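Chain and residue survey
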Amino acid sequence: HLIGSHVPVDTRYPRENAPFTNDALRGQKGWMSINHYDNSIWYTDNVIGKIMLGLKLAKRPSWLLYLSDHGETPDAAGWRMADEKDLWTIPFFIWFSRGYSEKYPGIVENVKSVRNRSLQSDQLLWGMLSVAGVEGLKECDSKNFLNTDFKVRNPRKILNGNANYGW
């Protein structure tokens, strides 16, 4: 399941057991069926849950990073409008197994301490290498979002330079 909730969202989940079945209940919002969108999110949640369960059952230190490539919601007025923060602000999460949390409590606490830090997706690499235990990255401290020397790059130009990213 790598396609996520991209349009056409009605093709992004199996119909069997989908919880939102009557479009008349919630209808269309602009250019996307809300129920189809919600079902695609439901399906993504189920896939992530199965991956997390598999990592738990493996009984070894594990972690999972999940992020979207961009936002796309039924509430957007259009696709990629400059003022549509939902389309440019991407939530992501890092999940740690109990084994990882017990073996590397400092890393887990460090991740928690920066959970509200603003960064761009291309700035994830150095932090993820750190979480993975890669050593010898001292020269990249300013690129590691888990480090106090991390340099935030906002604002950044989007839409061919016509708008700032980094609200």
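Residues numbered from 1 in each chain as written. Predicted model: local features only at pLDDT ≥ 70, side-chain atom pairs only at ≥ 80, totals over all residues. Heavy atoms only, no water.

As for the overall build of the protein
Across its full length, the protein carries six helices and six strands. Beginning at the N terminus, the succession of helices and strands in the protein can be written as α-β-β-α-β-α-β-α-α-α-β-β. Expressed as a percentage of the 167 residues in the protein, the buried residues total 34%. (Helix = DSSP H or I, 4+ residues; strand = E, 2+ residues; numbered from the N terminus. Buried < 20%, exposed > 50% of the residue type's maximum accessible area, 1.4 Å probe, protein only.)

A look at the environment of Ile34
Its location among the elements puts Ile34 in helix 2 (residues 34-57). Residues Ile34 and Phe20, 14 residues apart in the sequence, show an inter-C-alpha distance of 9.1 Å.

Things to note about helix 6 (residues 124-131)
Every buried residue belonging to helix 6 is among Leu124, Gly127, Met128 and Val131, and all of these are buried. The arc enclosing the buried residues of helix 6, seen along the axis, measures out at 100 degrees, which places them on a common side. Those residues of helix 6 that are buried are in contact with strand 3 (63-67), strand 4 (92-96), helix 4 (98-103) and helix 5 (105-113). Of the residues flanking the end of helix 6, it is Gly133, one or two places downstream, whose phi is positive at about 90 degrees. (Arc of directions from axis to C-beta. Contact = heavy atoms within 4.5 Å.)

Describing the packing of aromatic side chains
Taken as a whole and assessed by the stated rule, the structure comprises four aromatic pairs. Taking the centre distance of 4.9 Å and the plane angle of 20 degrees together, the rings of Phe96 and Tyr100 count as stacked. Residue Phe96 is classed as buried on the basis of its relative accessible area, which comes to 13%. What makes Tyr100 buried here is its relative accessible area of 4%. (Phe/Tyr/Trp six-rings, centres within 6.5 Å; stacked < 30°, edge-to-face > 60°.)

Looking at the pattern of salt bridges
Evaluated as defined, the whole model comprises one salt bridge. Lys112 is the partner of Glu109 in a salt bridge, and the nearest nitrogen-oxygen pair spans 3.6 Å. Taken together, the residues span about one helical turn, with Glu109 and Lys112 both in helix 5 at a distance of three residues. On the basis of relative accessible area, Glu109 is assigned to the partly exposed category, the value being 47%. Residue Lys112 is classed as partly exposed on the basis of its relative accessible area, which comes to 43%. (Salt bridge = Lys/Arg side-chain N within 4 Å of Asp/Glu carboxyl O.)

Section: the confidence of the model for the protein
Caution applies to low-pLDDT parts of the model: their predicted coordinates are not meant to be read in detail. Per-residue confidence for the protein averages 79 on the pLDDT scale, and 72% of its residues sit at or above 70. Confidence, read as mean pLDDT per element, is least for helix 1 (residues 23-26) in the protein (54) and greatest for helix 4 (96). (pLDDT = per-residue confidence, 0-100.)

Quick word on the nonpolar core
Judged by nonpolar contacts, the single largest core of 13 residues is most densely connected at Ile94, Phe96, Val111, Met128, Val131, Phe145 and Leu146. Elements with a minimum of two residues in this core: strand 4, helix 5 and helix 6. The element best represented in this core is helix 6, accounting for three residues. Not counting chain neighbours up to four residues away, the residues in contact with Phe96 comprise Ser62, Trp63, Ser101, Val108, Val111 and Val131. (Core = buried A, V, L, I, M, F, W, Y, C linked by side-chain atoms within 4.5 Å.)

Comments concerning the side chain of Ser40
By the element assignment, Ser40 lies in helix 2. On the basis of relative accessible area, Ser40 is assigned to the buried category, the value being 0%. With sequence-adjacent residues up to four places away left out, Ser40 is seen in contact with Gly4, Ser5, Val9, Arg12 and Tyr13.

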